[in-house]
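Coordinate inspection notes
This is what each chain is made of:
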Amino acid sequence: MLSNLTNCPICGRLFMKGLRKVCNTCFKKQEEQFEVVRSYMNKKENRMATVQEVHAYTEVPYERIYQFIREGRLLTTNFPNLGYPCESCGDSIHQGRLCESCKDRVIKGVHQHERQKQFEENVRQDLTSKNQTYRSININRYKD
Ligand SMILES: [Zn+2]
Ligand SMILES: [Zn+2]
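Residues numbered from 1 in each chain as written. Chains lettered and ligands numbered in written order. Predicted model: local features only at pLDDT ≥ 70, side-chain atom pairs only at ≥ 80, totals over all residues.

1. Overview of the overall build of the protein
Check the secondary structure of the protein and you find 4 helices and 4 strands. From first element to last, N terminus to C terminus, the protein shows the α and β order β-β-α-α-α-β-β-α. Residue pairs at least 24 apart in sequence account for 22% of intrachain contacts in the protein once pairs closer than 6 positions are excluded. (Helix = DSSP H or I, 4+ residues; strand = E, 2+ residues; numbered from the N terminus. Contact = placed C-beta atoms within 7 Å.)

2. Comments concerning the nonpolar core
Core analysis: the biggest nonpolar cluster contains 14 residues, and Val-37, Val-54, Ile-65, Phe-68, Ile-69 and Leu-74 have the highest contact counts within it. Of all the secondary structure elements, the ones that give two or more residues to this core are α1 (24-41), α2 (51-58) and α3 (62-70). If we ignore the near neighbours within four places in the chain, the residues touching Val-54 are Val-37, Tyr-40, Ala-49 and Ile-65. (Core = buried A, V, L, I, M, F, W, Y, C linked by C-beta atoms within 7 Å. Buried ≥ 20, exposed ≤ 12 C-beta atoms within 10 Å, placed from the backbone.)

3. With respect to α3
Side chains three or four residues apart in an α-helix point the same way, a direct result of the helix having 3.6 residues per turn. Along α3, the residues that are buried comprise Ile-65, Phe-68 and Ile-69. Along the long axis of α3, the arc covered by the buried residues comes to 100°, so they all point the same way. Directly after α3, the chain includes Gly-72, whose backbone phi takes a positive value near 80°. (Arc of directions from axis to C-beta.)

4. Looking at the environment of Ser-88
The residue Ser-88 is located in the loop between β3 (84-85) and β4 (92-93) in this model. On the basis of neighbour counts, which here come to 14 C-beta atoms within 10 Å, the residue Ser-88 falls in the partly exposed class. Remark: the alpha-carbon pair of Ser-88 and Cys-99, spanning 11 residues in sequence, is separated by 8.1 Å. Not counting residues within four places of it along the chain, the set of residues in contact with Ser-88 comprises Leu-98 and Cys-102.

5. Here we look at the packing of α1 against α2
Axis separation between α1 and α2 bottoms out at 10 Å; the angle between their running directions is 115°. The element α1 and its partner α2 pack so that their crossing is right-handed. Residues Val-36, Val-37 and Tyr-40 of α1 form the contact with α2, whose participating residues are Val-54, Tyr-57 and Thr-58. A breakdown of the residues in the contact of α1 with α2 according to their chemical character gives 5 nonpolar, 1 polar and no charged. (Axes fitted to C-alpha atoms, helices over the stretch in contact; angles between N-to-C directions. Left-handed = near helix turned anticlockwise from the far one by under 90°. Nonpolar A, V, L, I, M, F, W, Y, C, P; charged D, E, K, R; others polar.)

6. What about unusual backbone geometry?
Of note in the backbone geometry, Glu-59 takes a positive phi value of approximately 65° without being a glycine. Looking at where Glu-59 falls in the secondary structure, it is placed in the loop between α2 and α3.

7. Structural notes on the packing of α1 against α3
Where α1 meets α3, the closest approach of the two axes is 11 Å, and the angle between their N-to-C directions is 80°. If you check the angle between α1 and α3, you find them roughly perpendicular. Within the contact between the two elements, α1 uses Gln-30, Gln-33, Phe-34 and Val-37 and α3 uses Arg-64, Ile-65 and Phe-68. Partitioned by chemical class, the residues of the contact of α1 with α3 number 4 nonpolar, 2 polar and 1 charged. (Parallel < 35°, antiparallel > 145°, perpendicular 65-115°, else oblique.)

8. Brief notes about the environment of Cys-8
As for its position among the elements, Cys-8 is in the loop between β1 (5-7) and β2 (14-16). Placed 17 residues apart in sequence, Cys-8 and Thr-25 show a C-alpha to C-alpha distance of 9.8 Å. When sequence neighbours within four positions are dropped, the list of residues in contact with Cys-8 reads Arg-13, Phe-15, Val-22, Cys-23 and Cys-26.

Here it is in structure tokens:
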């Protein structure tokens, strides 16, 4: 029973885990905020608005606007000046979690990490086979 409960990441209240990541109250609030942002963006003259402008006019928190963009509810194809910050350097991006240059860096980093892991694995296997040799020698001695 308790395992079905989780803390709402926004208000911290306990709620039933299910379809939503946040509690009902916060979900409703988010939907209201989305409506506000959407009706603002739907005005033709606001199509080129930036997140800063949307925030200034709608008073919806930056984090929430970023979330709507991340979730694809505000399409950057329709609103080219909307974006959210890269998780690494804070540059404005339209998809994924990192900007192109950070992605590049991470991919290179991952390769390095893989090589290190492979090296450690080789050393470990080496040690294991040595141990086995040692043990079989011992057994042979015991037999004698
Ligand atoms: Zn909540
Ligand atoms: Zn970046």
